[in-house]
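Observations on chain architecture
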Amino acid sequence: MTDTTMTQDTSTEATPETHPHDTIRVLVAKLGLDGHDRGAKVVARILRDAGMEVVYTGLYKSPKEVVYAAIQEGVDVIGVSLLSGSHVPLFRELGRCLQEQQAGHIFVVAGGVIPKHDYAALLDSGVDAIVPQEARADLIVTTIRNLIANRGRI
Amino acid sequence: MTAFTPSRPVKRGTYVPSLELMPNVLNGSILAIARMISRAEAGYVEASQALAEIYKHAGKAHIVGITGVPGAGKSTLVASLIKAFAAGGCKVGVIAVDPSSPFSGGAILGDRVRMSDAAETCQAFVRSMATRGHLGGLSRSTLQAVDILDAAGYSPIIIETVGVGQDEVEVVTAAHTIVVLSAPGLGDDIQAIKAGILEIADIHAVSKADKPEASAAVSAIKGMLGLGSAVTRSSWSPPVLPVSSVSGERIADLKEAIVGHRAHLRASGELADRQRSICKTRILSTARHLFQQRFDEKAGELERHIQAVVDREVDPTVAACALLGWEDKVPVK
């Protein structure tokens, strides 16, 4: 069993390898049977106002469909918001599909109603950042920017 | 409040040189195609040689432009067309263009929502692109994305454009076949006259044919075509087709009209003219873009010219010539 120690990412400065002119593309996805999309639309607007391009895939998508879309759209990040409680199996399947399709370079950012005791399972499944629901809007923006700054150009 | 991240090493990307990616693009690798489109969009200098090579492998696809006012139902129609063409064995490519925010430069690209199921079941390649400040709706990189899909064997390649007024005209210069979609019940006979829509269409479609107002819209457009100008681009008579993505009505007819138009272009020799016109526009529009980039880099020099014009020392024309380095060539026309 992997020992995943969680860390809190407090960095706000971009590394020297950031390419500020490369537009960040994000796929905002709702997985499974969660039918609430208002939160996803709010996040989409926040990201757009931060200069990012957001592809929204709509409701009731499976992890396989989300990965198919994410690869074609050349997104840097898949942002998933889940309120339905089925986050552990869905994120595990998402991580598996990404690996299977050789799309492990795409970051996964999770948000929504996720209890802290499930964070380790999510991070083990390949989730790169979990944004708590109570966080300020700009946290999701800085989280995404930092992930991409650390990745460098692909 | 901070985000929670794993303690494993942060993912680092490896940059695969574009010339190495290129054979995978030609073989149809989805990952490679998507990556090359991203590089073309970002304008990576490193990718220019590969893109030049890819251009040489393009030229087989039928490029279809679909345009029309917002809310007419373009994305839903494209989803139906994906299914119709895929049923005939085609590998369909779609570029869906949406506007970038003039304030933030970002964009919400929502066309894919309506095409998502069709894309996955029919193995179509759908890419959403933002205009990124390109006022005409289509940019250098949109057309490079078309080249990439073309070289990878996709045909038809459907370009769904921002349907905002005069901007539709730009799609003429990028596609072989233009479909203009009108929505019924929105005062179409007025809208049909505006913005040169009538002149650019090779095929007219009226959406939501399942609604009663659709036949009025069809009649209005046929009426306007009857009164049409004597200057026509082509010996082809644009059909006016009511279509319904809900009932599937007439989608097959639309597909046949699109295929028929391509056959007409070949048979009449007009295909070569369209190709020529597409190439001319691409050269000029890329040249304009490169000029614009150079001006963006000359910001300091521009500031001095602005001040001189504000102070009425020189007029804007003289300042523009000076910026271009044409001091001796102030135009007289």
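Look above for the structure.
Please read all numbers here as calculations on a predicted model, not as lab measurements.

Residues and elements named next belong to chain B. Read across the open sheet, the seven strands follow the order β5-β3-β6-β2-β7-β8-β9; overall the sheet is parallel. Of all strands in the sheet, those bounded by a partner on one side alone are β5 (125-130) and β9 (240-242). Each adjacent strand pair in this sheet contributes to an overall mean axis angle of 20 degrees, direction not counted. Note that strand β8 (residues 203-206) and β9 share three bridges and pair parallel. Bridge pairing in β9 places H204 opposite V240.

The next thing to look at is the interface of chain A and chain B. If you look at the interface, chain A gives 56 residues, while chain B gives 45 residues. Interface area lost by chain A to chain B is led by Y68, Q72 and I154 of chain A, which between them contribute 16%. Applying the counting rule to chain A against chain B returns seven salt bridges. Residues K11 of chain B and D128 of chain A are paired through a salt bridge, measuring 3.2 Å at the closest nitrogen-oxygen approach. At the boundary of chain A and chain B, one finds 28 residue pairs in polar contact (both at pLDDT 80 or more). Counting only elements with at least two residues in the side of chain A that touches chain B, the list comes to β1 (6-9), α1 (38-49), β3 (53-56), α2 (63-72), α4 (119-124), β6 (129-132) and α5 (137-151) of chain A. The element contributing the most residues to the side of chain A that touches chain B is α2 of chain A, with six residues. Across three bridges, the pairing between β3 of chain A and strand β4 (residues 107-109) of chain B is parallel. Directly across from V54 of chain A, in β4 of chain B, lies its bridge partner I108 of chain B.

Attention shifts here to helix α9 (residues 214-226) of chain B. All names here are of chain B. If you check α9, its first and last C-alpha atoms are 18 Å apart, about what 13 residues at 1.5 Å a residue would give, namely 18 Å. Among the residues of α9, A214, A217, V218, A220 and I221 are the ones counted as buried. The buried residues of α9 occupy one face: seen down the axis, they fall within an arc of 160 degrees. Opposite the buried face of α9, at more than 90 degrees from it, the exposed residues are S215 and G226.

A few words now on empty space enclosed by the protein. Residues and elements named next belong to chain B. On inspection of all chains with the given rule, the structure shows two cavities of 30 Å³ or more. Counted as a void, the second largest cavity has a volume near 50 Å³. If one sorts the elements of the lining of the second largest cavity by residue count, helix α11 (residues 270-297) sits on top with three residues. The class makeup of the residues in the lining of the second largest cavity is three nonpolar, three polar and two charged.

Before going further, it helps to examine the pairing of β3 of chain A. All names here are of chain A. Of the two faces of β3, the one carrying E53 and V55 and the one carrying V54 and Y56 are both buried. Inspection of the sheet shows strand β2 (residues 25-29) paired to β3 by four bridges, in the parallel sense. When the sheet's bridge partners are listed, L27 is paired in β3 with V55. Regarding the hand of the β-α-β motif, the stretch spanning β2, α1 and β3 is right-handed.

Glancing now at unusual backbone geometry. Cis geometry marks the peptide bond from S155 of chain B to P156 of chain B; its omega dihedral reads 0 degrees. Along the chain, the position of P156 of chain B falls in the loop between α6 (140-151) and β6 (157-160). Of note, Q102 of chain A is a non-glycine position whose phi angle comes to about 55 degrees, a positive value. Following the sequence through the fold, Q102 of chain A ends up in the loop between α3 (87-100) and β5 (107-112).

Rules used throughout
Residues numbered from 1 in each chain as written. Chains lettered and ligands numbered in written order. Predicted model: local features only at pLDDT ≥ 70, side-chain atom pairs only at ≥ 80, totals over all residues. Heavy atoms only, no water. Pairing = 2+ DSSP bridges. Helix = DSSP H or I, 4+ residues; strand = E, 2+ residues; numbered from the N terminus. Axes fitted to C-alpha atoms, helices over the stretch in contact; angles between N-to-C directions. Contact = heavy atoms within 4.5 Å. Buried area = accessible area lost by both parts, 1.4 Å probe. Salt bridge = Lys/Arg side-chain N within 4 Å of Asp/Glu carboxyl O. Polar contact = N/O pair within 3.5 Å; in protein donor to acceptor, adjacent residues only side chain to side chain. Expected span 1.5 Å × (residues − 1). Buried < 20%, exposed > 50% of the residue type's maximum accessible area, 1.4 Å probe, protein only. Arc of directions from axis to C-beta. 1 Å grid on protein atoms, 1.4 Å probe; cavity = no way out; pocket = protein on both sides within 12 Å on 5 of 7 lines; lining within 4 Å. Points joined across faces, edges and corners; volume = space filled by probe spheres on them. Nonpolar A, V, L, I, M, F, W, Y, C, P; charged D, E, K, R; others polar. Right-handed = clockwise from strand over helix to strand, strands pointing away.

Note that every value here comes from positions in space, so none of it alone points to a role or purpose.
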